[in-house]
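Inside the fold
Here is what each chain is made of, one letter per residue.
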Amino acid sequence: MSTTSNAAKPVDAQPDERRLKAPSWATGLLTGSRGPALGLVAMCVVFFIASPYFLTQNNLLNIVDQAVILGLLALGMTAVIITGGIDLSVGSVLALATMVLGWLSHDQGWPLLPSALVAIGVAGICGLVNGLGITFTRLPPFIATLAMMSVARGLANVITDGQQIVGYPDWFDNLSTTRYLGVFTIVTFVLVVLYMAGWAYMRYRTGGRELYAIGGSSEVARLAGISVRKRTILVYTVTGVLVGLAGVFLAMRLDSSQPSAGTGYELDAIAAVVIGGASLSGGVGSVTGTLIGVLIIGVLHNGLNLLGVSPFVQQIVIGLVIALAVMIDVLRRREAR
């Protein structure tokens, strides 16, 4: 009797085992970047039906051009969120970088290239301060970057007493407008290269895999020999550098430096990463998913503009899309359990 009973146990356990291991079709559909990609395709179909101008070559290239700034911010934000952090300062730091660029080149008479490098460096220092605040003073990422958001925005206004700086050389503006092969501008080419490098780093380099481990559990990662402090500081510093580069690119596009630049960009960057499949709890996300999220935000703004939808209504739509993306993430993690 006991032999029969013991033999029956593994047989009885098999259905539960299979049920746990076999994902449902919905979970498989929402895994990784497949769900966001399908959402992007569906959105394009809807706007194509609603507006005859949507799928024109000029409009599609316009979407790509407009996505460059958000793409740079979201690329850094991807690594931040994967580690379980958040960066609310990217919009303000972007404004600071643009103002440093304009102040050095116009008011101080510096050549434009050194001015751009210093502007990027200042943004990198802001990211470094964020990382040091989070790792050494134990400030929560939300608080540390919220403080930097206020400081950077204040500095951006102090530099020129809140005045914008207008007028850059034609060659500088042309970097964001002249198309090569009829498609790429210099700034879009840089964005593509950076995304390819980010994808390769996160997928194939040990440092990239360590970011996922930190997001999963920083304490477990530390016990496994990963330098959590070093990696965290590096992530926020690199994010700052990318934000500085975005600030320089924005000055190219606008032909001006404005202390109010970048307002609300942190929300769009977080939205693009979350829509792309990253989890705000950390440990989940991908560069590919973020790219799709950036395109979704860009297509959404562009399509709603073509339909004449108010910018205020667009904010409501973006908020609903973010809520939907977070709900899908919660359901996905619940299914995984």
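It should be emphasised that the depicted structure is a prediction, and the values quoted were computed from it without experimental measurement.

Under the definition given, this model contains three salt bridges. Of the charged contacts, one joins Glu 210 and Arg 231 as a salt bridge, the two residues approaching to 2.8 Å between their closest N and O atoms. Here Glu 210, found in helix H10 (residues 206–216), pairs with Arg 231, found in helix H12 (residues 228–254); they are 21 residues apart in sequence, far enough to count as distant. Neither residue differs from the other here; Glu 210 and Arg 231 are each classed as buried.

Scanning the model with the defined rule gives one cavity of 30 Å³ or more in all. Taken as a whole, the largest cavity holds about 40 Å³ of empty space. Forming the boundary of the largest cavity are Asp 87, Ser 89, Val 90, Val 93, Ala 123, Cys 126, Gly 127, Asn 130, Gly 240 and Val 243. At the level of secondary structure, the elements contributing two or more residues to the lining of the largest cavity comprise helix H5 (90–107), helix H6 (112–135) and H12. When grouped by side-chain class, the residues that make up the lining of the largest cavity number five nonpolar, four polar and one charged.

The next thing to look at is the layout of surface pockets. In this approach, a probe sized like a water molecule rolls over the atoms, and the result shows the empty space that is left. Here the largest pocket defines a volume of roughly 800 Å³. Where the lining of the largest pocket is concerned, the elements lending two or more residues are helix H4 (57–82), H12, helix H13 (265–275), helix H14 (287–306) and helix H15 (311–336). Element by element, the count of residues in the lining of the largest pocket is highest for H15, at six residues.

By the definition in use, this model includes four aromatic pairs. Ring geometry for Trp 199 versus Tyr 204: centroids 5.6 Å apart, planes at 85 degrees, classification edge-to-face. Among the aromatic residues, those joined into a ring-pair cluster are Tyr 168, Trp 171 and Phe 172. Against the face of Phe 136 rests Arg 229, its NZ or CZ located 4.4 Å from the ring centre.

The rules behind each value
All chains use their own residue numbering, which begins from 1 and follows the written sequence. Totals for whole chains, interfaces and linings use every residue, but because this is a predicted model, local features are given only for residues with pLDDT of at least 70 and side-chain atom pairs only at 80 or more, for both listing and counting. Based on all heavy atoms of the structure, the side-chain values leave hydrogens and waters out of the count. Counted as salt bridges are all cases of a side-chain nitrogen of Lys or Arg within 4 Å of a carboxyl oxygen of Asp or Glu. A run of H or I in DSSP counts as a helix once it spans at least four residues, and a run of E counts as a strand once it spans at least two, with each numbered from the N terminus. For every residue, the accessible area obtained with a 1.4 Å probe (protein chains only) is divided by the maximum for its type, and the residue is called buried under 20%, exposed over 50%, and partly exposed between those limits. With a 1 Å grid laid over protein atoms only, a set of points is called a cavity when a 1.4 Å probe fits there but cannot get out and a pocket when it is open yet has protein on both sides within 12 Å along at least five of seven lines; lining residues have an atom within 4 Å of a point. Grid points are joined across faces, edges and corners, and a volume is the space filled by probe spheres set on the points. Each residue gets one of three labels, nonpolar for Ala, Val, Leu, Ile, Met, Phe, Trp, Tyr, Cys and Pro, charged for Asp, Glu, Lys and Arg, and polar for the others, Gly among them. Think of it this way: a Phe, Tyr or Trp ring, Trp meaning its six-membered ring, pairs with another when their centres are within 6.5 Å, and the plane angle makes it stacked under 30 degrees, edge-to-face over 60, tilted otherwise. Geometrically, a charge over a ring is one whose NZ (Lys) or CZ (Arg) sits within 6 Å of the ring centre while staying within 35 degrees of the ring normal.

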